[in-house]
Amino acid sequence: TQSENILGYYVNVERIPNSCRNSSNRIFLKDRKVLLNLSMAYYRVNISTYNKAGESPQAIYIVPDFSPTDLPGQIHVKHQGTNAVVTWTPEYNPRCFVVDWGASKEDMRMKIVTTTTGNFTLDNFQPYKLYKIMVHASDLCQCESFTRHEKTFGVTHFYSVEGVPRAGPANVTVLNITKHSALVKWTEIAPEDCLGFLQGYKITYTDSLRKKSLAVTLNSSSTTYHLTGLKEKNTYLVQVSGFTIAGEGPPTLSQPFSTPKYGTVDLFYPASVLALC
C-alpha cells in the first residue's frame, strides 16, 4: 500500500553453514528481482525494503535443494569409526575446496580445504543417520567470495553405520483380486525410518491354512507387486518388509484377502483400518 515510498531493496545472500562471520553478500536493488548464480550449498536470502525513514523487517527465503545432476566429479566416502575419509579426483586444481556435511540444513558443518591431496577426514558422524556431503571448488578462498565464486564439484550421501529399517512400508492395500491373482500396493518406507540405504522389499504371502508360504524379493524402487498362482475361494495373508545391507526390518501387519470362486473382487483392505480393528 506504500510502494510509492519505497526507494529500493536490500538483498542479503548468506551461505548455510557459514564459518566466516559477517561475510554475507549484500545487494542493493531498485527492481523486485535478482539473478543469483549459486553453488548447490544451502543459502538463506534476506530481503528488505528501505526509504527515507529507514529499513523494513526482513523477509527470509531458504533456497531449496537442487537436483545433483551433471556434476563434474564423483565423491567416495569410507567410514573410520565416527569419522569418514572423503576422496575425489579433481578435474583441475582450484585454490581451495569447500566441504559441507550434515544430516539436515540445521546442522550442516563447513570446512575449507586448501591442500590438493584429494582426500580429507570429516568427524563427528553418528550411526544410523543419513548425511549429505558436498564438495565445492573455488579459485578465491576469502570468506566473502564463497557466495559468488564457488562451484559444486560433487554431492553424495553417507551412513557411518547402517541399521535395519525400524518400520515397514505404509498404506499396504490389496487390489484387483481375481480367482488366481491380486495386486499388492504400498507406500515406500520413509527415509528417516530406513536407518540405512534401502536395498529392497520382501513380500511374504501365506494361505489361511498355512500350507503354502512364499516370499518375493523386489528392488527398492518397487511399490507394487502382482501376486499370481493363487487358488480360488481361498484366504491369504500378506506382509511387506524392507531391508538394508544390515538386514530385514519388521514386517507390516498381516493383510488378509480372499479370492472369489468366480470373477473378480473390487475390495481392498487398507492396513490403517485393520490396525484400528
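Under an unreviewed UniProt entry, the protein has the name SDK2 protein and belongs to Pterocles burchelli. A UniProt comment under Subcellular location (unreviewed entry) is attached to the protein, and it reads "Cell membrane". Of the comments in the UniProt record for the protein, the one headed Sequence similarities (unreviewed entry) reads "Belongs to the type I cytokine receptor family. Type 2 subfamily."

Moving on, we come to the overall build of the protein. Helix and strand counts for the protein come out as three helices and 22 strands. Buried residues in the protein amount to 39% of all 277 residues. For the protein, long-range pairs separated by at least 24 residues make up 63% of all intrachain contacts whose partners lie at least 6 apart in sequence. Approximately 16000 Å² of the protein is accessible, and the part contributed by carbon and sulfur atoms is 51%.

Scanning all chains against the criterion turns up eight aromatic pairs. With a centroid separation of 4.7 Å and 80° between ring planes, the pair formed by Phe125 and Tyr131 is classed as edge-to-face. Residue Phe125 is classed as buried on the basis of its relative accessible area, which comes to 2%. Classification of Tyr131 by relative accessible area gives buried; the value is 5%.

Let us look at the sheet that holds strand S15 (residues 181-187). Read across the sheet, three strands follow the order S13-S15-S18 without closing on themselves; strand pairing throughout is antiparallel. What marks the edges here is a single partner per strand, and that holds for strand S13 (170-175) and strand S18 (224-228). Averaged over all pairs of adjacent strands, the angle between their axes in this sheet comes to 15°, without regard to strand direction. Two strands pair when backbone bridges link them, and S13 and S15 are joined in this way by four bridges, in the antiparallel orientation. By the bridge assignment, Leu175 is partnered in S15 with Leu183.

Time to look at the nonpolar core. Grouped together as the largest cluster of nonpolar side chains are 20 residues, with contacts concentrated most on Val184, Trp186, Leu227, Leu230, Val238, Val240 and Phe257. Elements supplying a minimum of two residues to this core: S13, S15, strand S16 (200-207), strand S17 (213-219) and strand S19 (235-244). Listed in part, the 17 residues of the second largest apolar core include Ile75, Val99, Trp101 and Tyr131.

We now examine the pairing of strand S11 (residues 131-138). A large share of S11 lies buried, amounting to eight of its eight residues. Residues Tyr131, Ile133, Val135 and Ala137 point to one face of S11 and Lys132, Met134, His136 and Ser138 to the other, with burial holding for every one of them. Bridge count between strand S8 (residues 96-102) and S11: seven bridges; the pairing is antiparallel. Directly across from Asp100, in S11, lies its bridge partner Met134. As paired elements, S11 and strand S12 (residues 151-158) share seven bridges and run antiparallel to each other. Each residue of the ladder has a partner; that of Lys132, found in S12, is His157.

Let us now look at the sheet that holds strand S10 (residues 119-122). Judged by pairing direction, the sheet is antiparallel, and its three strands sit side by side in the order S6-S7-S10 without closing on themselves. Unpaired on one side and paired on the other, strand S6 (75-80) and S10 mark the two borders of the sheet. Averaged over neighbouring strand pairs, the angle between their axes works out to 25° when direction is ignored. The pairing of strand S7 (residues 83-88) with S10 spans four bridges and is antiparallel. Bridge pairing links Val85 to Thr121 in S10.

Here we come to the environment of Asn83. Relative to the assigned elements, Asn83 resides in strand S7. For Asn83, a relative accessible area of 26% puts it in the partly exposed group. Sequence-wise, Asn83 and Thr121 are 38 residues apart; in three dimensions their C-alpha atoms are separated by 6.8 Å. Beyond its immediate chain neighbours, meaning those up to four positions away, Asn83 contacts Lys78, Thr121, Leu122, Asp123, Asn124 and Phe125.

Once that is clear, we can look at the environment of Leu71. By the element assignment, Leu71 lies in the loop between strand S5 (59-62) and S6. Measuring from C-alpha to C-alpha, the distance between Leu71 and Val155 comes to 8.1 Å, with 84 residues separating the pair along the chain. Ignoring any residue separated from it by four or fewer positions in sequence, one finds Leu71 in contact with Met40, Thr152, Phe153, Gly154 and Val155.

When charged atoms on two side chains of opposite charge get close, those side chains can pair. One pass over the structure, following the stated rule, counts eight salt bridges. Between Glu55 and Arg26 there is a salt bridge, with the nearest N and O atoms lying 3.0 Å from each other. A residue pair is termed long-range when its members are at least 10 positions apart, and Glu55 in strand S4 (residues 54-55) and Arg26 in strand S2 (residues 25-29) qualify at 29 residues. Residue classification places Arg26 among the partly exposed residues on the basis of a relative accessible area of 37%. Between Asp123 and Arg109 there is a salt bridge, with its nearest N and O atoms 3.1 Å apart. Of this pair, Asp123 sits in the loop between S10 and S11 while Arg109 sits in strand S9 (residues 109-113), and the two are 14 residues apart along the sequence.

What counts and what doesn't
Residues numbered from 1 in each chain as written. Predicted model: local features only at pLDDT ≥ 70, side-chain atom pairs only at ≥ 80, totals over all residues. Heavy atoms only, no water. UniProt positions renumbered as here; feature names shortened; annotations may be inferred. Helix = DSSP H or I, 4+ residues; strand = E, 2+ residues; numbered from the N terminus. Buried < 20%, exposed > 50% of the residue type's maximum accessible area, 1.4 Å probe, protein only. Contact = heavy atoms within 4.5 Å. Areas by Shrake-Rupley, 256 points an atom, 1.4 Å probe, with all protein chains shown as cover. Phe/Tyr/Trp six-rings, centres within 6.5 Å; stacked < 30°, edge-to-face > 60°. Pairing = 2+ DSSP bridges. Axes fitted to C-alpha atoms, helices over the stretch in contact; angles between N-to-C directions. Core = buried A, V, L, I, M, F, W, Y, C linked by side-chain atoms within 4.5 Å. Salt bridge = Lys/Arg side-chain N within 4 Å of Asp/Glu carboxyl O.

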